[in-house]
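Notes for the structure review
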Amino acid sequence: MEILQSAQEELLYNKLLQQITKDFTLANVELKISEGIEPTQLKAVLREKIYFLLLEKFQEYLNLLYVVDIPEKQMKKIHSVDAVDAATEVCFLILKREWQKVWFKNKYNS
């Protein structure tokens, strides 16, 4: 995934992990990711958590989208009927938004 590759290339991958952890904590959604987690593992863990929230804890899922700040417009563009595909698309949107936050903070705090 290009987002995670960019984060690693710009040496901001750990900050991305911290931002993801922070937002999941703010949304009261437990997410266990270790500091040295590989990008492919991170993507899988996120997708699995989103899938679970979609099917089992929809209110927490909506709260997470609010905390992460995913625009409603982008959510409406998801036309997946399958929960697995929807979780994959939402995972991408969350990673994209979290990367934007990290990138902007890094760029404008320097």
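The sections below set out a description of the structure shown in this document.

Parameters at a glance
Residues numbered from 1 in each chain as written. Predicted model: local features only at pLDDT ≥ 70, side-chain atom pairs only at ≥ 80, totals over all residues. Heavy atoms only, no water. Helix = DSSP H or I, 4+ residues; strand = E, 2+ residues; numbered from the N terminus. Rg over C-alpha atoms; globule rule 2.2 N^0.38 Å. Expected span 1.5 Å × (residues − 1). Contact = heavy atoms within 4.5 Å. Core = buried A, V, L, I, M, F, W, Y, C linked by side-chain atoms within 4.5 Å. Buried < 20%, exposed > 50% of the residue type's maximum accessible area, 1.4 Å probe, protein only. Phe/Tyr/Trp six-rings, centres within 6.5 Å; stacked < 30°, edge-to-face > 60°. Lys NZ or Arg CZ within 6 Å of the ring centre and 35° of its normal. Axes fitted to C-alpha atoms, helices over the stretch in contact; angles between N-to-C directions. Parallel < 35°, antiparallel > 145°, perpendicular 65-115°, else oblique. Left-handed = near helix turned anticlockwise from the far one by under 90°.

**Quick look at the overall build of the chain**
- Helices and strands together make up the secondary structure of the chain, namely 6 helices and 0 strands.
- Starting at the N terminus and ending at the C terminus, the chain contains elements arranged as α-α-α-α-α-α.
- Radius of gyration (C-alpha) of the chain: 13 Å, near the 13 Å computed for a compact globule of 110 residues.
- Its C-alpha atoms give the chain principal-axis dimensions of roughly 40 × 30 × 25 Å.

**Overview of helix α6 (residues 83-109)**
- Relative to the 39 Å expected for 27 residues at 1.5 Å per residue, α6 spans 38 Å between its end C-alpha atoms, a close match to the ideal helical length.
- Contacts from the buried residues of α6 go to α1 (2-9), α2 (13-26), α3 (39-56), α4 (58-68) and α5 (72-76).

**Describing the nonpolar core**
- Counting 35 residues, the largest nonpolar core has I20 and L42 as its most contacted members.
- Looking at this core, the elements that each hand over two or more residues are α1, α2, α3, α4 and α6.
- The greatest single-element share of this core, amounting to 9 residues, is contributed by α6.
- Those residues in contact with L42 that lie beyond four places of it in its chain are L4, Y13, L17, I20, I33, I37 and L95.

**A closer look at the packing of aromatic side chains**
- What the rule picks out here adds up to 3 aromatic pairs.
- Measuring from centroid to centroid gives 5.2 Å for W103 and F104, while their planes differ by 80 degrees, and the two rings are edge-to-face.
- Classification of F104 by relative accessible area gives partly exposed; the value is 43%.
- Ring geometry for F104 against Y108: centres 6.1 Å apart, planes inclined by 10 degrees, an arrangement best described as stacked. Placement of both F104 and Y108 in helix α6 is noted, with a separation of 4 residues, approximately one turn of the helix.
- Its end group placed over the ring of Y108, K107 keeps NZ or CZ at 5.8 Å from the ring centre.

**Points about the packing of α2 against α4**
- Look at α2 against α4: their axes get within 9 Å of each other, and the N-to-C directions meet at 130 degrees. Between α2 and α4, the interaxial angle falls into the category oblique. Crossing handedness for the pair α2 and α4: right-handed. Across from D23, F24 and L26 in α2, the residues of α4 making contact are L64, V67 and V68.

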